[in-house]
Amino acid sequence: MAAIGFTAAAPIVGLSPVAYAADAVRAEIGKPLQEAQKLAQAGKNKEALAKLKEADAVGGKTPNEIYMIERTRASAAAAAGDNDAAAKAFEAVINSGKLSPAEAPKFTQALAGIYYRAKDYPKAIIWIQRSLKDGDNPQMHELLVQTYYISGKYAEAAKELQSSHANSEGSLQMLANIQLKQNDKAGYVQTLEKLAGSYPKTSYWADLLNRVSGKPGFSGTLSLDVLRLRLANGLLAKPGEYMEMSQLALQAGNPAEALKVIDQGYKKNVLGVGSDAARHQRLKDLAVKTAADSEKTAAAQEAELTKNKDADGLSNLGFGMVTAGKVDKGLDLMTKAAKMDEAKHPEELKLHLGIAQAQAGKKAAALATLKTVKGTDGAADLARYWTLQINHPM
């Protein structure tokens, strides 16, 4: 199973030291405190921390003096990258009870970020959770998930993602990675479907279609439908893929579709080049001839299929007509076929009707039809994926 990439970062909250007030502290503390604040404002944070030691040496400090010293230290230490000193100072400031209601959440979030960057994940989790009790914050939710993930708490990370209904691409990528690590294949596919639907990319679609094809019980008769989705999402790239799809389309009685696939391969310089160019041309000639023959015999073929109540054959004939441009006639045949009791593969017939309606530009009808597809052979999965593709095309 290939992992999906994701990124998340700890928040960095800019916090300034409280302004120096001469009447709030004694002179022997006020002088080094004021100098430390000036040094910090000038970006000389290490020098500011050194200057604060003079204030630390003064005995009998009042709670307010301690608060002002620690707040200045918190700002300077965080800016200097001294996580240990910053964490201790932030905790002292937060526990002082002197922060305003507006400031308190900012300090709590900053402390959580400090512990995260220091890789002290247990404490980071404690302070992130404390910050979330003060109010919902998407960034802190993301950091909590990231912290759970990095510290190997995958179940907690997944629970947090699912409970917060996080639908950003990064959150879904992380959930997918967690599900892979937990070998939760069903959950991974569900998350992958959300990614393909909300953030359509070839990587998501390729993984999704590879998985549906390899799913136990998948019907080989749906191989062409998988290739149709691959084509719709720009996933056909190799000559063999174009050849396979066109050959399967011919076998399904849809030469017009085969010819369109071949023509696209030629336009992209995938077919008609290289050592197999002659083989490509022979397949194209066959598709052209078969399409012409099909046009001549369509009426007789319809009569024969109707007489034999061959629902599957009528559906294939109708699909071919839709592809060839005879949309109304083709859709009418496919609709009748889907309602016949004699169908060998009734769910596939509904799937094909939905695909044909989508290709004919009848979006609402296609979505309604695809919604009715059931079963466990892959048809229902493909119907759901076609719905994703229709609503969120590449």
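Note that this is a predicted model, so its numbers are computed, not measured.

Some details on the domain arrangement of the protein chain
How large an interface is tends to be reported as the accessible area lost when its parts come together.
Thought 1: Splitting the protein chain by domain gives domain 1 (27-190) and domain 2 (201-391).
Thought 2: Just the C-alpha atoms count here: the centres of domain 1 and domain 2 sit 56 Å apart.
Thought 3: Of the residues lining the interface, 5 residues belong to domain 1; the matching set on domain 2 comes to 6 residues.
Thought 4: Counting each side, the surface lost to burial between domain 1 and domain 2 is near 420 Å², with a carbon and sulfur contribution of 45%.
Thought 5: On the domain 1 side of the interface with domain 2, the three residues burying the most area are E169, Y188 and V189, jointly 81% of the side's total.
Thought 6: Viewed at the interface, domain 2 and domain 1 are joined by 1 salt bridge.
Thought 7: E169 is the partner of K201 in a salt bridge, and the nearest nitrogen-oxygen pair spans 2.7 Å.
Thought 8: Scanning the region where domain 1 abuts domain 2 turns up 4 residue pairs in polar contact (both at pLDDT 80 or more).
Thought 9: Sorting the residues of the side of domain 1 that touches domain 2 by element identifies α9 (169-181) and α10 (185-198) as the ones contributing at least two each.
Thought 10: Counting residues per element, the side of domain 1 that touches domain 2 draws most heavily on α9, which supplies 3 residues.
Thought 11: For the side of domain 1 that touches domain 2, the class distribution of residues is 3 nonpolar, 1 polar and 1 charged.

What counts and how
- Residues numbered from 1 in each chain as written.
- Predicted model: local features only at pLDDT ≥ 70, side-chain atom pairs only at ≥ 80, totals over all residues.
- Heavy atoms only, no water.
- Domains from an automatic or database assignment.
- Contact = heavy atoms within 4.5 Å.
- Buried area = accessible area lost by both parts, 1.4 Å probe.
- Salt bridge = Lys/Arg side-chain N within 4 Å of Asp/Glu carboxyl O.
- Polar contact = N/O pair within 3.5 Å; in protein donor to acceptor, adjacent residues only side chain to side chain.
- Helix = DSSP H or I, 4+ residues; strand = E, 2+ residues; numbered from the N terminus.
- Nonpolar A, V, L, I, M, F, W, Y, C, P; charged D, E, K, R; others polar.

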